[in-house]
Every structure is written in structure tokens, then in C-alpha cells.
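Breakdown of the fold
So the chains spell out like this:
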Amino acid sequence: MVVSPAVTTLSENSNEVFLDVAKLLLTYADNILRNPNEEKYRSIRIGNPTFSTKLLPIKGAVECLFEMGFEEAETHLVFPSSASVEQLKLVRESLAAERDQRLRGGPPVQSTPQAAVALSPECPAASGQSVTSPPSQPPSLESSMSFLVTLQSNFQHVMLYENPELQQKAQGCIPHQRLSSAAQQNLKKAKEADSECKLGMEDFLVLELLRWFKQDFFSWVDCLPCSRCRGPTKNTGSLSPNTDDLRWGAQRVENHFCQSCRLSTRFPRYNNAEKLLETRRGRCGEWANCFTLCCRALDLEARYIWDSTDHVWTEVYSTSQRRWLHCDSCENVCDKPLLYEVGWGKKLAYILAFSKDQVVDVTWRYSCKHPDILSRRTRVQEAWLLHTINGLNASRQELLSPDRKKELTERLLVELVEFISPKKPKPGELGGRDSGSLAWRIARGETKGPDPGTSVQDAGYVFTLRDKEKSDRLLHVCYSATKDQYCRVSSDSEVTPSWDQCVWRKESVFRKVESDWKMVYIARTEGSSLGRISWKFDFAPAGMTIKSVSIMARSQTFHSGKVCWLLQAGNTTTEFSGDGRMQSFQTLDGSSEFIVVAELSGGEGETSWQHSQLFRQSLKDTEESSFEILIHLQDA
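One structure accompanies this document, and this report is about it. Given the structure is predicted, the values throughout are model-derived calculations rather than measurements.

Here is what the cut-offs are and how they apply
Residues numbered from 1 in each chain as written. Predicted model: local features only at pLDDT ≥ 70, side-chain atom pairs only at ≥ 80, totals over all residues. Heavy atoms only, no water. Helix = DSSP H or I, 4+ residues; strand = E, 2+ residues; numbered from the N terminus. Contact = heavy atoms within 4.5 Å. Salt bridge = Lys/Arg side-chain N within 4 Å of Asp/Glu carboxyl O. Buried < 20%, exposed > 50% of the residue type's maximum accessible area, 1.4 Å probe, protein only. Pairing = 2+ DSSP bridges. Axes fitted to C-alpha atoms, helices over the stretch in contact; angles between N-to-C directions. Parallel < 35°, antiparallel > 145°, perpendicular 65-115°, else oblique. Left-handed = near helix turned anticlockwise from the far one by under 90°. Nonpolar A, V, L, I, M, F, W, Y, C, P; charged D, E, K, R; others polar. Polar contact = N/O pair within 3.5 Å; in protein donor to acceptor, adjacent residues only side chain to side chain. Core = buried A, V, L, I, M, F, W, Y, C linked by side-chain atoms within 4.5 Å.

1. Quick look at the overall build of the chain
Scanning the chain from terminus to terminus reveals 17 helices and 30 strands. Put simply, 70% of the contacts in the chain that link residues at least 6 apart link residues at least 24 apart.

Printed below as a string of C-alpha cells:
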């Protein structure tokens, strides 16, 4: 018999622990097998004392449940009706065989027992429980002290967001009424699209706040324009901070030097959210700092997220969904925690959440490659980190009420299960939970709901025909980089937001907004040598073929940058120009499908990724399309 991976992991615990946990897991499995139609046996409440004390802390226990077929569903683990009963039986048999062997005195699968605490290393520092054994010394005193300073400084910094006067100042900058009105309208639309919508007003307010913050309030700074000629500058190092800089937490001041004027423009990197309400500019540090304050000013429960690989963002707690939502104000994205590892290719190690009440190691929410993460967590030992975070939390929570402490503990239990939950993202899927409601996916612009016009496949989106388009024998789609939306002209000018929502495949590309120069375009991700994006069209399901295709695409290159546009149909590939002219292709006559591909490469120096651009357009140009496809069709 093949032993399941989860049972093998569980076997690493001591004999006594394994036997107790295996007995409980077998009970769960047998209840389902004996009572397949009883819903009560298909659900395990995460807050249940038996689960939270006897299973959750044990290495491999929850993994066994997932391997059986259980899935995370907010406050419960559920065995859905679609789950494989055969898979459940296989894991059950593996568990039973191992347990029987141990009861007979036979050797365990893993002969070397390990500590029966799954929170370290699988989910270290997330637990609110104390460590039973003294923590091991970290690799070096210098490393541990450096990490401790990071923990303490961030934990203290977030208390600034709780200042009532500062919150009031932030409220004066936020168009609360406008954002609330838009959120209310979107909540209404979501409930109309999904009758089982359980989302709350706060969920939609977060989305509106993200949009407003990025589009209207804050601006990104690479290099400031010259203060004299307004021309480009280059960051040539650091200048000494003055008294006012230091007052607002700017320990570092960048020297943005203009070669033409031979003049330096100072860029203090302020670390005080109050000052950032005035300057309204910076990089990810300034963005996350100010955005987290804005969340707290609207009474949204928020925490500041620090990533050891040099990025920061925010999490906001959703009361209706009973979980923390990833919010990156720089990107205007919500609830896409795999963005950094899967989308950006970051090699993550430590990601910590700081709020007024606690510190939590949330690294595991942002990764689907936990073994790789563990191999990179070498700055401090896990037991030391867990012990240190527990100490910080105990000190901060001394004055909290028993009810608040209980609430934090219950939330933490739900988080721990989420961390352990297996994540297998599909191409383009950056979310942490596949079971998000239709209403929530609609709210984030991930779908327009059930629609015969755009089918979602594992590889991406495919344009097919709606009834009107089939009748008119015409498909006409435009994309505006400025508006960041697709307009389906041939279907009553229906709009789909976001450049990547109608994409078949994408690789190492993103949408770049240059706030200083008021330009927008799609480029390669920084550090990548090749970027690729494609759109697919398939008319076979409608029983139609292509008569002619006309395409207009805009691309621009600088220095040695290259953009290659390709039209692929069957074994035929045709290269065409991205010069903004409408070009016709008769060679596709009789084909039922094709793919448009754009490849970005080349460029020079550190900014080579910017030297090949798609759809470059002024933010003021809201009328002109950046990309347009017109397809005339005929019966097959």
C-alpha cells in the first residue's frame, strides 16, 4: 500500500501523538463513509476545541484532512459533495494501516520522531500559544538583534495610526461620502448578480478606497522632475537629512540630479503618515504607510505588512468574509496574495503583519511553495522568532478585554488553517482562495458573471460569440490603456475593466502608470528579459469561421528594445507591425480560431524593461483606443 504524503508527515510525530490524532481522523472519515448523506459529518468547525487543540497544533494532522478532500470554508473545514470518496478511503486506509502497525508494536514509517508542533516550522510565529521548550539561540546575536529591532520598530510605528487627531486629518482628505455611495451601488449590483451574496459594505468600501488612493490621491516617484527645468533627473546617491526631514522620519534623503541644470532636487523618504498626507507621493513604503492610515481613519481594521524582500502593503479585515484581505495600494489590487511569488517571481522568506493588537507571521498566506520558503528562512531560528513574537503580543495585549483576546484567538485559528491550506494557482490566478463567492469576484473585476461570450479556461480567457455578434457576423473589441478597460463594441459597447481580464496568457508583464509624466503602458516586469501577452478568439462553438481580420496595435520602443506582434492560426504565424495602423489579414479565411501575441524584449541598462512598451498613451487621452480587433465572420 502506498502511504499518503500527509500520513507520512503525521508519522513523524511521537507514537503517542500519532495514535491519538489518527484515532480522531479515522472517526471523521468513518462518520462520512457510514453517513454519506448527513451534512453534519461533512463539516468541522475550526473553533471547535477538539480541532483547535488536538489537530491544528500537530504536524501533518490538518494536511491529512486536506488530502482526504476537506476544503477551507471561512470558519469551517468542509467535505464537499464533489469530493472523491475513493480518495477519502485511500487516506483512511493508509492511516488505519499505520495505526494498526504501531499498536502491534511494529516500526513507524518515520523512525525519527520530531516535535509535535505544526506551527514551527510550517507556520512559525503565527501561534498565540507559548512555546513549551526554551527557544534555541538564533544563528547569531547580531542577526537576532537586527530582526528584533525590525519587529519592535514596526510594532510601535503602527500605533501612530490610532491617533484620533491624525485619523481626523486623514478623514479630511478622503471623499468618504463619494466612496461610500459607489460602494453601496456596487454592493447592490453584486447582490443582483449573486443572490447568495454575503459580502458587506466594508468589502466594497475597501475596493473604492484602493481605487481612489491610486488614481486620485497618491503618486509614484522613481525620480522627481528637476525643480528648475522640470526635466528628468537621476538618483545619484544620498544627501544629509535636515532637522525638518528628521522630524518627519526621513532618515534618508535621495539626491535627484539634473544633468542639464547641474542642480540637485532633494527627495526625503518620509516615514510619517501625517507628512505623507501632505506630500502624497513616494514608493511602496510611503504608499503602504499612508494607505494603512486611511483605512484606520475609515474605521477599517487594518494592519501594516512588512516583507523582508523589500516590499510593504496592507491587510484589511473583512467582517463579512471573516478573514484578512491582502491590499496593495501601489497596484490597486485586493485579495491576490500570490501576486508577489507567482506574479512577480519574488523569493519570499519573512512576511509579518503589524496591528495595534498583535504581530502575526503571515508568510504562508503569500506562498504556494512552503518548502522553498523554509529553506530561505535562515536569519533567525523559528523557535526564537515564535518566542519573540509571543512576548511582544503578550505585552501589547495586557490591557485588552477578555472578549477581545478571545476574538483575536478565534481569528488566529482561522488564519492558521488558511496558511496550511494547499494553494495550486492556475495561470493568471493570484488569489488565495478558489472558493471566493461570485459576488466577490465580480467586485474585484475578475469576472462579469456567467456569460456565454467569454469563457474561462485553465489557461485564461477566450473570446467567443454572443447571440448578437453571431447574428451580425461581427466581433469588434477595443482596449483603452488610459481607461484600462475593454469595450466590446459589437455587444452594445459592453465594458470589462482591467487589461488582464480578457488575456489568454501573460508572462512577466504589468501595467505601468507614470504619474509624473502622465503616461500609461504595459511593460515587462523589472529584471525579466522577455515579456509575453496574448489574446485568443474561438468561433467553432458558434459554428462560424473567419472571413477577415483587421487589427490595430500600438507599441513603442526605445534604445534597443523590441516588440514583436504575431498572429497565430493553426500552423501559420504572421508577423505584423504595432505602428497604430489598422491592418487586414485575409489569410485567416476559413479558420475558426486564432491568437494574437505580443513579445517584449531587449533594452539597455537597469531600465531595459521600460524600453519596449505596449499601448503607450497619455492619461489625458481618454478617447483613442490602444488596441482594436475587428473580425468579420461567416457560417462554417
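2. Focus: the environment of Glu593
Within the element layout of this structure, Glu593 appears in strand β28 (residues 593–601). Taking the C-alpha atoms as reference, Glu593 lies 9.6 Å from Met544; in sequence the two are 49 residues apart. Contacts of Glu593, omitting those with residues within four sequence positions, involve Lys536, Phe537, Asp538, Ile546 and Ala569.

3. Some points on the pattern of salt bridges
Summed over the entire model, instances satisfying the criterion amount to 42 salt bridges. A salt bridge links Lys356 to Asp357; its shortest N-O distance comes to 3.2 Å. Given the relative accessible area of 5%, Asp357 is considered buried. Where Arg554 meets Glu624, a salt bridge forms, and the shortest distance between an N and an O atom there is 2.4 Å. Remark: Glu624 occurs in the loop between β29 (612–618) and β30 (627–635) and Arg554 occurs in strand β24 (residues 544–557); sequence separation between them is 70 residues. A relative accessible area of 38% places Glu624 in the partly exposed class.

4. So, the sheet that holds strand β13 (residues 351–354)
Strand order in the open sheet made by the six strands is β12-β11-β10-β9-β13-β14, with antiparallel pairing throughout. The open sheet terminates on both sides in strands that have one partner only, identified here as β12 (333–334) and β14 (359–361). Here strand β9 (residues 302–307) runs beside strand β10 (residues 311–318); their pairing, made up of six bridges, is antiparallel. Counterpart to Ala302 in the pairing with β10 is Val316.

5. Here we look at the packing of helix α2 (residues 15–34) against helix α4 (residues 61–68)
α4 packs onto α2 with a crossing angle of 25 degrees between their chain directions and a minimal axis gap of 11 Å. Relative to α4, α2 is oriented roughly parallel. Handedness of the crossing formed by α2 with α4: right-handed. Contact residues: α2 offers Val21, Leu25, Tyr28 and Ala29, while α4 offers Ala61, Cys64, Leu65 and Met68. Per-class residue counts for the contact of α2 with α4 are eight nonpolar, no polar and no charged.

6. Focus: the sheet that holds strand β2 (residues 71–73)
Across the sheet, which stays open at both edges, the three strands sit in the order β1-β3-β2 with antiparallel pairing between neighbours. Strands with a single pairing partner mark the edges of an open sheet, and in this sheet they are β1 (43–45) and β2. Each strand of the sheet is rotated relative to its neighbour by a mean of 30 degrees, with strand direction disregarded. Note that β2 and strand β3 (residues 76–78) share three bridges and pair antiparallel. Paired with Glu72 across the bridge in β3 is Leu77.

7. Examining the environment of Gly237
Structurally, Gly237 can be placed in strand β5 (residues 234–239). Judged by relative accessible area, which is 29%, Gly237 ranks as partly exposed. A sequence separation of 17 residues divides Gly237 from Glu254, and the C-alpha atoms of the two residues are 5.9 Å apart.

8. A few points about the pairing of β29
Of all seven residues that make up β29, five are buried, and the element is covered over most of its length. Where strand β22 (residues 519–524) lies against β29, three bridges are found, and the strand directions are antiparallel. The partner of Val520 across the bridge, within β29, is Gln617. Alignment of β24 against β29, held across three bridges, turns out to be antiparallel. Counted as the bridge partner of Gln556 is Gln613 from β29.

9. Observations regarding the side chain of Ser490
Relative to the elements of secondary structure, Ser490 occurs in the loop between β18 (485–488) and β19 (494–497). A polar contact of 2.7 Å, which involves the side chain of Ser490, links it to the side chain of Glu469. A polar contact of 2.9 Å, which involves the side chain of Ser490, links it to the backbone nitrogen of His476. The residues touching Ser490, leaving out its near neighbours within four places in the chain, are Lys468, Glu469, Leu474, Leu475 and His476.

10. Focus on α4
By the criterion of burial, α4 is predominantly enclosed, with seven of the eight residues buried. Within the sequence span of α4, burial applies to Ala61, Val62, Cys64, Leu65, Phe66, Glu67 and Met68. Phi for Gly69, located one or two positions after α4, is positive at around 130 degrees.

11. As for unusual backbone geometry
Residue Asp335 is not a glycine yet carries a positive backbone phi of 60 degrees. With respect to the secondary-structure elements, Asp335 resides in the loop between β12 and β13. Positioned with a positive phi, Asp492 is a non-glycine residue whose angle comes to about 60 degrees. Here Asp492 lies in the loop between β18 and β19.

12. Examining the nonpolar core
Grouped together as the largest cluster of nonpolar side chains are 61 residues, with contacts concentrated most on Phe147, Leu151, Leu209 and Phe213. Residues within four places of Leu151 in sequence aside, it is in contact with Leu352, Phe354, Val359, Leu385, Thr388, Ile389 and Leu392. Residues Ala29, Leu65, Val417 and Phe419 belong to the second largest nonpolar core, which totals 54 residues.

13. Quick word on the side chain of Glu254
Residue position: Glu254 is located in strand β6 (residues 253–258). For Glu254, a relative accessible area of 3% puts it in the buried group. Polar contacts involving the side chain of Glu254 include one to the side chain of Arg269, which spans 3.1 Å. Filtering out sequence-adjacent residues up to four positions away, Glu254 remains in contact with Asn235, Gly237, Leu239, Thr265, Arg266, Phe267, Arg269 and Arg283.

14. Focus: the packing of helix α9 (residues 201–217) against helix α12 (residues 284–297)
One can describe the packing of α9 onto α12 by two numbers: an axis separation of 11 Å at closest approach and a directional angle of 130 degrees. On the basis of the axis angle, α9 is oblique to α12. In the crossing of α9 with α12, the sense of the turn from one axis to the other is right-handed. Of α12, the residues touching α9 (which contributes Leu209, Leu210, Trp212, Phe213, Lys214 and Phe217) are Trp287, Cys290, Phe291, Cys294 and Cys295. Here the residues of the contact of α9 with α12 sort into 10 nonpolar, no polar and one charged.

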